[in-house]
Protein chains: 2
Amino acid sequence: MPSQVLIAQEVSAEPSITAWLRFLRAHAAITRELSSRLEAVHELTLSDYDVLIQLYHAEGRRLRRIDLARSVLLTASGITRLLDGLESCGLVGKENCDSDRRVTYAVLTEAGVKKVEEARDSHLADIEELFGSRFSAQEREQLAELLGRLPLQHTTEACSA
Amino acid sequence: MPSQVLIAQEVSAEPSITAWLRFLRAHAAITRELSSRLEAVHELTLSDYDVLIQLYHAEGRRLRRIDLARSVLLTASGITRLLDGLESCGLVGKENCDSDRRVTYAVLTEAGVKKVEEARDSHLADIEELFGSRFSAQEREQLAELLGRLPLQHTTEACSA
DNA sequence: TAGCTATACTTGAGGACACAAGGATCATAG
DNA sequence: CTATGATCCTTGTGTCCTCAAGTATAGCTA
């Protein structure tokens, strides 16, 4: 008997749970695939790419490390390590801040810019294939709207009433 | 200047990318919070819970390890390690298969059943709070439908045409 | 029967990330 | 000017998970 548990059992009749489970599975499936393609072709993690693209679109192609952390939803220590990697590949550099010597900027190097531009098209195509292509234009907008209502930030002070 | 990069820059006008980025951020934010609550109250990982609940709803409260892996979207080795943990806590046990001695079943113990039943309500409430409550009944169904079109499984043989 | 391939599972090594603790700098209040 | 507290960043440690490799069993073919 071949295993026929094809999909995560949708173990509940509650639509909220069904939606949540699909959300979880879809995330796992898509990011796994996206990651492995990005890794294979460009030697980048999904988080690496995420950081690079944020820098790419930032003013002066630089960002404070802490802002970077918040925008890609990593902790400060996560960013330190991730940037360590990107620095040793020469994709980003450090810059000090004159007005506040606590902060260090991460700056995209020329190589970093090039890397982003190389990686971008195929990655966007992958996203389109695995994600976007499933929906009509109208559905995309609606999906974006629905997802936009979810917490998109650290819910740090989740204090129970 | 306080940091005002509140949200991940939505760096593209393309709705597909916007939706994808929100999907990514929402996943990070929600699972982080969900995890930390589950951990704090019940000493369970999100994956632990996921595995336990799958077993809970399975016939005979047992499942082949491989099927478990597929349904929670972990690799075989991931499941081995995860179950090691749950076994040492006494929440699941092993059982051999008579007809095929390669397979081992993971079985929920009494303690495991109890654990699931303890954890379930608060976890479902958390999901409702962080996820479900953002949507009307109709929106939930629609969201579930949209998410259901995404790949929910390993796209192992993603062979380009 | 032997041989080949596929499947189920485990183990070693390594990566990505979190948390906690510590150092440096800044801002504010006495 | 000093004390206090907040903010930015790094480092030590540990956890979860993956990949690659290895073992054991199953089943098919000749």
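Residues numbered from 1 in each chain as written. Chains lettered and ligands numbered in written order. Predicted model: local features only at pLDDT ≥ 70, side-chain atom pairs only at ≥ 80, totals over all residues.

1. A few points about the overall build of chain A
To keep things clear, this is the line we draw: To qualify as a helix, a DSSP run of H or I must reach at least 4 residues; to qualify as a strand, a run of E must reach at least 2; elements of each kind are numbered from the N terminus. Partly exposed residues are those falling between the two cut-offs: more than 12 but fewer than 20 other C-beta atoms within 10 Å of their own, whereas 20 or more means buried and 12 or fewer means exposed, with C-beta atoms placed from the backbone. Residues are scored as being in contact if the C-beta atoms we place from backbone atoms lie within 7 Å.
Looking only at helices and strands, chain A features six helices and three strands. Element order for chain A, N to C, with α for helix and β for strand: α-α-β-α-α-β-β-α-α. Expressed as a percentage of the 161 residues in chain A, the buried residues total 35%. Within chain A, residue pairs in contact and separated by at least 24 positions form 45% of the contacts whose partners lie at least 6 positions apart.

2. A closer look at the sheet that holds strand β3 (residues 104-108) of chain B
All names here are of chain B. Note the threshold: Between any two strands, pairing holds if DSSP finds at least two bridges. For helices, the fitted line uses only the C-alpha atoms of the stretch in contact; every axis is such a line through C-alpha atoms, and the angle between N-to-C directions lies from 0 to 180 degrees.
Here three strands make up an open sheet; going across it, the order is β1-β3-β2 and the pairing antiparallel. Two strands bound the open sheet, and with one partner strand each, they are β1 (62-64) and β2 (92-96). With direction set aside, neighbouring strand axes in the sheet form an average angle of 30°. Here β1 runs beside β3; their pairing, made up of three bridges, is antiparallel. Paired with Leu63 across the strands is Ala106, a residue of β3. Strand contacts of helix α2 (residues 46-57): β1, β2 and β3, with the helix running at about 90° to β3, the strand carrying the most contacts.

3. So, the pairing of β3 of chain B
On a regular strand, each side chain points to the face opposite its neighbour's, so the side chains alternate between the two faces of the sheet. Alignment of β2 of chain B against β3 of chain B, held across five bridges, turns out to be antiparallel. Each residue of the ladder has a partner; that of Asn96 of chain B, found in β3 of chain B, is Thr104 of chain B.

4. A word on the relation of the copies chain B and chain A
To keep it simple, the criterion reads: When the copies are overlaid, the least-squares fit takes in C-alpha atoms only where the residue has pLDDT of at least 70 in both copies.
In the superposition of chain B on chain A (RMSD 0.0 Å, axial shift 0.0 Å), the rotation amounts to 180°. A rotation of that kind, with that shift, is consistent with a two-fold axis. Residue by residue, 100% of the interface of chain B is reproduced at the interface of chain A, so both copies engage with the same surface.

5. Considerations on the interface of chain B and chain A
Selection rule: Gly is put with the polar residues, along with every residue not named as nonpolar or charged; the nonpolar set is Ala, Val, Leu, Ile, Met, Phe, Trp, Tyr, Cys and Pro, and the charged set is Asp, Glu, Lys and Arg.
Each partner contributes to the interface: chain B provides 54 residues, whereas chain A provides 55 residues. Looking at the side of chain B that touches chain A, the elements with two or more residues in it are α1 (15-42), α2, α3 (65-72), α5 (110-130) and α6 (137-148) of chain B. For the side of chain B that touches chain A, the per-class residue count stands at 30 nonpolar, 13 polar and 11 charged.

6. Some thoughts on the protein's contact with DNA strand D
We apply this condition: Using a C-beta atom placed from the backbone, a residue is described as near a molecule or strand when that atom lies within 6 Å of it.
What surrounds DNA strand D is a group of 23 residues, the closest being Arg65, Ile66, Ser77 and Thr80 of chain A together with Gly78 of chain B. Among the secondary structure elements, those contributing two or more residues to the surface near DNA strand D are α3 (65-72) and α4 (76-88) of chain A together with α4 (76-88) of chain B. Here the surface near DNA strand D gets five residues from one element, more than from any other, and that element is α4 of chain B.

7. What about the nonpolar core?
Soluble globular proteins tend to pack their nonpolar side chains together in the buried interior. Note the cut-off: For this analysis, nonpolar core means a set of buried Ala, Val, Leu, Ile, Met, Phe, Trp, Tyr and Cys residues linked through C-beta atoms within 7 Å.
If you look at the biggest cluster of nonpolar residues, it comprises 34 residues, and the most contacted ones within it are Trp20 and Leu147 of chain A together with Trp20 and Leu147 of chain B. Listed by contribution, the elements that provide at least two residues to this core are α1 (15-42), α5 (110-130) and α6 (137-148) of chain A together with α1, α5 and α6 of chain B.

8. So, α6 of chain A
Rule in force here: Each residue after the first adds 1.5 Å to the expected span of a helix. When we speak of the arc, we mean the arc of directions from the helix axis to the C-beta atoms.
With 12 residues, α6 of chain A extends 17 Å from end C-alpha to end C-alpha; this agrees with the ideal 16 Å at 1.5 Å per step. Among the residues of α6 of chain A, those classed as buried are Arg140, Leu143, Ala144, Leu146 and Leu147 of chain A. One side of α6 of chain A holds all its buried residues, which, seen down the axis, span an arc of 165°. Exposed and oriented more than 90 degrees from the buried face of α6 of chain A are Ala137 and Gln138 of chain A. On the buried face of α6 of chain A, the contacting elements are α1 and α6 of chain B.

9. Quick look at the sheet that holds strand β2 (residues 92-96) of chain A
Pairing between the strands of a sheet comes from backbone hydrogen bonds, and it takes one of two forms, parallel or antiparallel. All names here are of chain A. In space, the three strands of this open sheet follow the order β1-β3-β2, with antiparallel pairing throughout. The outermost strands of the open sheet, each flanked by one partner alone, are β1 (62-64) and β2. For this sheet, the mean angle separating the axes of adjacent strands, direction not counted, is 30°. Set on the sheet, α3 makes contact with β1 and β3 (104-108); between it and β1 the angle comes to about 90°.

10. Re the protein's contact with DNA strand C
The full set close to DNA strand C counts 22 residues, and Gly78 and Arg101 of chain A together with Ile66, Ser77 and Thr80 of chain B are the nearest of them. Elements that contribute at least two residues to the surface near DNA strand C include exactly α4 of chain A together with α3 and α4 of chain B. Sort the elements by how many residues they give to the surface near DNA strand C and α4 of chain A lands first, with four residues. Residue composition of the surface near DNA strand C, by class: five nonpolar, 10 polar and seven charged.

11. Digging into the packing of α3 of chain A against α4 of chain A
All names here are of chain A. Applied cut-off: Should an angle fall under 35 degrees it is taken as roughly parallel, and over 145 as roughly antiparallel, whereas 65 to 115 is taken as roughly perpendicular and any remaining angle as oblique.
Put simply, α3 and α4 touch, their axes get as near as 9 Å, and they point 105° apart. What the angle tells us is that α3 and α4 run roughly perpendicular. In contact with Arg65, Ile66, Leu68 and Ala69 of α3, α4 contributes Ala76, Gly78, Ile79 and Leu83.

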